[in-house]
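Here are the chains, one letter per residue:
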Amino acid sequence: MLPTATASTSAAVYSIVATNTVLLSQSRIFNDSRSLGLCIEPCLTSFRTSSRPLYCSNLHPIKAMAGDGTLSIPKADSQASGFGSKQALISLSDKKDLAFLGNGLQALGYTIVSTGGTASALNNAGVSVTKVEQLTCFPEMLDGRVKTLHPNIHGGILARRDQKHHMEALSKHGIGTFDVVVVNLYPFYDKVSSAGGIAFDDGIENIDIGGPAMIRAAAKNHKDVLIVVDSQDYPALLGFLQGNQDDQLFRRKLAWKAFQHVASYDSAVSEWLWKQTVGDKFPPSMTVPLSLKSSLRYGENPHQKAAFYIDNSLSEVNAGGIATAIQHHGKEMSYNNYLDADAAWNCVCEFNKPTCVVVKHTNPCGVASREDIIEAYRLAVKADPVSAFGGIVAFNIEVDEDLAKEIREFRSPTDGETRMFYEIVVAPKYSKKGLEILRGKSKTLRILEANKNEKGKLSLRQVGGGWLAQDSDDLTPEDIQFNVVSEKTPLDSELRDAKFAWLCVKHVKSNAIVIAKDDCMLGMGSGQPNRLESLRIALRKAGDKVKGAALASDAFFPFAWKDAVEEACESGIGIIAEPGGSIRDGDAIGCCNKYGVSLLFNNVRHFRH
């Protein structure tokens, strides 16, 4: 319960005397035992004596004056005004190009109002500044949590200039208008995504409150207030102001950018807080912040417009992938280039040995692992040289001078003369000489340097009116138990071949069949509506090399006799790996036993649609 006010603290109204000392009367002044401070609830009648807003020139505690029943509060200075003059409010965490902005606004006749560190930086740059406290007559408090959350700030931002009663309200309360608001936010994203992490309480303190409030207020009132959240827009802002323009489209664009900036900021806070609280990958609602990396020439087809966006989710920070790859050379990336490069990179990164993967239309048409990466490259191309021409080549080790020369000069195995052409080469790194040689292969060859994708990512895919979300398919043969269900037990070499084929088939579109031997893909069938057709395509590509090779199927065989399993056995396949789970698994086992083929079930399906 609050103490009763004494008689000496009751009077009539505010009055402003010639000495600029404001006398307070008929206010209730209470000693709040919780904060040991003063609670002032004044009557604001007759607060203003002119059309100019009140500025506090000095801030200090309010003290009672002996004998006259009045209190002395901070002195006011009304010479700087928001009425009849132009005001800009600047509050920045990232102070890049602040001096350029401040000097530019000052040269255009703007009075600049600013907060703490921003005000100091502007002063150091020779820019005259009015501190926010001089408008609010209230000091920054609560460790900086409250600075600008005040009617003298938000009233000046939100007032509509074309509404008489808005302007009368400002005049009544001595509040000036702001024409420009420049704000960016506490570096929450950088803090919580830093390598060392951040304590929960520190993360909370890096959540900006006053900044988003000012940004949203200015963006809402963009017809009268220009809002800027990006230092790259400073030159455009100054140019706009210098031209004394009234371009509402420009204002709307800045307002859109401001709301998008705050939305992305809030999405990071939401994502971080969800992980700190629950941690489940599938929250009840979610926002994915995207930023435009490039406009593309077209989409999958020339009649489709397209663009490429970067996922700015916290989960994607330093998580690798094609989206953040560095392009060292070549023509700009296309929509299909991104899809194919992503498929090739995701596949090649699965292998532990030095490996080359060749992709066409997102399907690996050639894969080989060797200690000699040049040999691996040759074998990967030979698996399907027709498909490899115009494809994407990916490596999981550095491209050095020797490998670069081989890529540049290698001739197609189909005729031994045609130099192989590729759309993209992607690798984790390049030697200086290797990069120089590859650049000489073609002006259009896109050379990408990428970091390996982290495991455990959330996979999103759009359908009409919604999105599908799932864990990424991170399982590798090392994570899976291959169980022998046939009478014939495979040799160690056959088991290795089966695991290699299994890792390859994971990246092939369903229905998928891969035939492999000695760490080399011999043939694959992809995307067929029935598994038998995929098998026949893979067998045709493998040719005579199929004898004793391993076959992997991304899902179980629904039929065996006079179907895929029997045709595979009759062709000379030595071992088959599949998930199992069909009601006719017994037929598959019996068929393999008849032909002396090893059969492995691993209880893991790798559908890819």
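Here goes a summary of the coordinates provided. (Residues numbered from 1 in each chain as written. Predicted model: local features only at pLDDT ≥ 70, side-chain atom pairs only at ≥ 80, totals over all residues. Heavy atoms only, no water.)

**Comments concerning empty space enclosed by the protein**
Here is the rule: In the cavity and pocket records, a cavity denotes points on a 1 Å grid over the protein atoms alone where a 1.4 Å probe fits but cannot get out, a pocket denotes an open set with protein on both sides within 12 Å along at least 5 of 7 lines, and lining residues are residues with an atom within 4 Å of a point. Grid points are joined across faces, edges and corners, and a volume is the space filled by probe spheres set on the points. In this classification, the charged set is Asp, Glu, Lys and Arg, the nonpolar set is Ala, Val, Leu, Ile, Met, Phe, Trp, Tyr, Cys and Pro, and all remaining amino acids, among them Gly, are polar.
In total, this model carries two cavities of 30 Å³ or more according to the counting rule given. Here the largest cavity defines a volume of roughly 50 Å³. Along the walls of the largest cavity sit T115, G116, V132, E133, F138, P139, E140 and K147, which together make up its complete lining. A class-by-class count of the residues in the lining of the largest cavity yields three nonpolar, two polar and three charged.

**Describing the environment of P579**
Note the threshold: Comment: elements are numbered from the N terminus, with helices defined as DSSP H or I runs of at least four residues and strands as E runs of at least two. Here's how the labels work: a residue is buried when its accessible area is under 20% of the maximum for its type, exposed when over 50%, partly exposed in between, all with a 1.4 Å probe on protein chains only. Here, two residues are considered to be in contact whenever any of their heavy atoms come within 4.5 Å of each other.
Here P579 lies in the loop between β26 (575-578) and α19 (585-595). Residue P579 is classed as buried on the basis of its relative accessible area of 4%. Between the alpha carbons of P579 and H606 there is a distance of 8.6 Å; along the sequence they are 27 residues apart. What P579 contacts, discounting residues up to four positions off in sequence, is W502, S553, D554, A555, F556, F601, N602, N603, V604 and R605.

**What about the sheet that holds strand β24 (residues 521-525)?**
Heads up, the condition is: Strands are labelled as partners when DSSP assigns at least two bridges between them.
Strand order in this open sheet of six strands is β22-β27-β26-β25-β23-β24, and the pairing throughout is mixed. Edge strands, defined here as strands with exactly one partner in the open sheet, are β22 (483-484) and β24. Sheet topology places strand β23 (residues 513-516) next to β24; four bridges connect them, and they run antiparallel. Across the sheet, residue A516 finds its bridge partner in β24, namely M521.

**Observations regarding the side chain of N396**
The following threshold applies: Throughout this description, a polar contact denotes any pair of N or O atoms lying within 3.5 Å of each other; where both atoms belong to protein, one of them has to be capable of donating a hydrogen while the other can accept it, and for residues adjacent in sequence the pair is counted only when both atoms sit in side chains.
As for its position among the elements, N396 is in the loop between β17 (391-395) and α14 (401-409). Using a relative accessible area of 17% as the deciding quantity, one classes N396 as buried. One polar contact links the side chain of N396 to the main-chain carbonyl oxygen of F351, over a distance of 3.1 Å. Among the polar contacts made by the side chain of N396, one reaches the main-chain amide nitrogen of T355 at a distance of 2.8 Å.

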